[in-house]
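Examination of the molecular architecture
In case you want the letters, here they are:
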Amino acid sequence: MSTIERAEVFVASPGRNFVTLRLTTSDGVTGLGDATLNGRELAVASYLRDHVVPLLTGRDPARIEDIWQYLYRGAYWRRGPVTMTAIAAVDTALWDIKGKVAGLPVYQLLGGRSRDGVLVYSHASGADVPELLDDVARFREQGYRAIRAQAAVPGVGGTYGVRKGVVYEPAATSLPDEQPWSTEDYLDFAPSYLEAVRAAHGFGFHLLHDVHHRLTPIEAARFGKRVEDCRLFWMEDPTPAENQEAFRLIRQHTTTPVAVGENLSSIWDVQHLITEQLIDYVRTTVVHAGGITHLRRIFDLAALYQVRTGSHGATDLSPVTLAAAVHVDLAVPNFGIQEYMPHVPETLEVFRGGVSFANGMLHPSEEPGLGVEYDEKAAEKFPYEPRYLPVARRLDGSVHDW
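In this report, we go over the structure that sits alongside the text. Bear in mind the structure is a predicted one, so any value in this text is a computation, not a measurement.

1. Side note on the environment of Phe335
Note on placement: Phe335 falls in the loop between helix H11 (319-331) and strand E12 (338-339). On the accessibility criterion, Phe335 (9% relative accessible area) is buried. Distance from Phe335 to Tyr281, taken between C-alpha atoms, is 9.2 Å for residues 54 residues apart in sequence. Beyond its immediate sequence surroundings of up to four residues, Phe335 is in contact with Arg115, Val118, Leu119, Arg308, Thr309 and Asp329.

Shown next as structure tokens:
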């Protein structure tokens, strides 16, 4: 019987900060898992090295469900993003190994294709409306069928979600950048630029918008009502998800679809949102929601309530997670859309293979497992550097919700 012989944790910063787990079996088969938790990545690296790796040696890598339950139930302090990200890394690596042993890509182990490709959206933005309109045109020319639109609010210095330069990189400072925010100005301005996108580019593509948790429930309801004529594919994270009952109020006032879940880490975190049909898309992702095993459980629950998938896919998730997400997306019956931000060349120098983009869709590698390789030597060129997402402050100086 093959056993897990070695577990290694790598931390590197090739463009973004990534924590990678590599498992090696006694037969010499390796599997990769992503353990990146943006801004708290060292906490997960320590959790893995100090608490999880010692538990893995000698275990049968084929017993994926058993190992998942062992790591989850065996820890008295359960759930939370650090624990679930660490479990996700192990789980994803085990699926990678199982695919290589079987000689099949992971999606075949999940039941095979439910579709030919995975519809994705990317991020158009601008310092003003004309720049946003040009950026939307650029993405349409690249073949995207779905585009998220964000523009800087006039007079507000730090509008999260707006690209500076060629690459969109929100985690760009060694300590959190404290940026000003005005909800009133945003509510006045954002609907107008979404309307401008539709006026300039029509309705021949899906248009998405991210609110970044920054509205109260009634403000979110008002915003959703105002932009109904824009026919948004979704408004993302309209209000913080800690108070899930708040989404009922939003539902009462607007038919704009709602997407939530990128910062939620378990089926219990989204259970009420799904079973009460308070959202239309669940955005949990492989790396932060317990791996392929647990993400599939979430998506199966969502399918019972006509909630579709829309997994988070920013560049703080490594190509390992992107590949794993696409394998799941390809298989599940209730797939909706996948976020996609292409990784920078430095990242692709370390992580090779995985997925390809064509005609607005991602396609997985047909190699056994996830089809991603980790170049340890290349990673050594990019030592870890702390990078944090910005913190929003109201104009009166108080800290705002995300």
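2. Remarks on the pairing of strand E15 (residues 361-364)
The pairing of strand E4 (residues 118-126) with E15 spans two bridges and is antiparallel. From the neighbouring strand, Val118 faces E15, where its bridge partner is Leu362. One ladder, built from four bridges, connects strand E14 (residues 355-358) with E15; its direction is antiparallel. Bridging from a neighbouring strand, Val355 pairs with Pro364 of E15.

3. Points about the packing of helix H1 (residues 41-56) against helix H3 (residues 81-102)
For the pair H1 and H3, interaxial distance at closest approach is 10 Å and the crossing angle is 55°. In terms of axis orientation, H1 runs oblique to H3. Viewed along their axes, H1 and H3 form a crossing whose handedness is right-handed. Contacts between H1 and H3 pair Ala43, Val44, Tyr47, Leu48, Val52 and Leu56 from the former with Val82, Thr83, Thr85, Ala86, Ala89 and Val90 from the latter. Its residues assigned to classes, the contact of H1 with H3 shows ten nonpolar, two polar and no charged.

4. Overview of the sheet that holds strand E2 (residues 18-25)
With respect to topology, three strands assemble into an open sheet ordered E1-E2-E3, the strand pairing being antiparallel. Every interior strand has two partners, whereas the edge strands, strand E1 (4-12) and strand E3 (30-34), have only one. If you compare each strand with its neighbour and ignore which way they point, the axes differ by 20° on average. Both E1 and E2 contribute to a ladder of eight bridges, which runs antiparallel. Counterpart to Phe10 in the pairing with E2 is Thr20. Contacting E1, E2 and E3, H3 runs over the sheet at an angle of about 150° to E3.

Thresholds, definitions, all that
Residues numbered from 1 in each chain as written. Predicted model: local features only at pLDDT ≥ 70, side-chain atom pairs only at ≥ 80, totals over all residues. Heavy atoms only, no water. Helix = DSSP H or I, 4+ residues; strand = E, 2+ residues; numbered from the N terminus. Buried < 20%, exposed > 50% of the residue type's maximum accessible area, 1.4 Å probe, protein only. Contact = heavy atoms within 4.5 Å. Pairing = 2+ DSSP bridges. Axes fitted to C-alpha atoms, helices over the stretch in contact; angles between N-to-C directions. Parallel < 35°, antiparallel > 145°, perpendicular 65-115°, else oblique. Left-handed = near helix turned anticlockwise from the far one by under 90°. Nonpolar A, V, L, I, M, F, W, Y, C, P; charged D, E, K, R; others polar.

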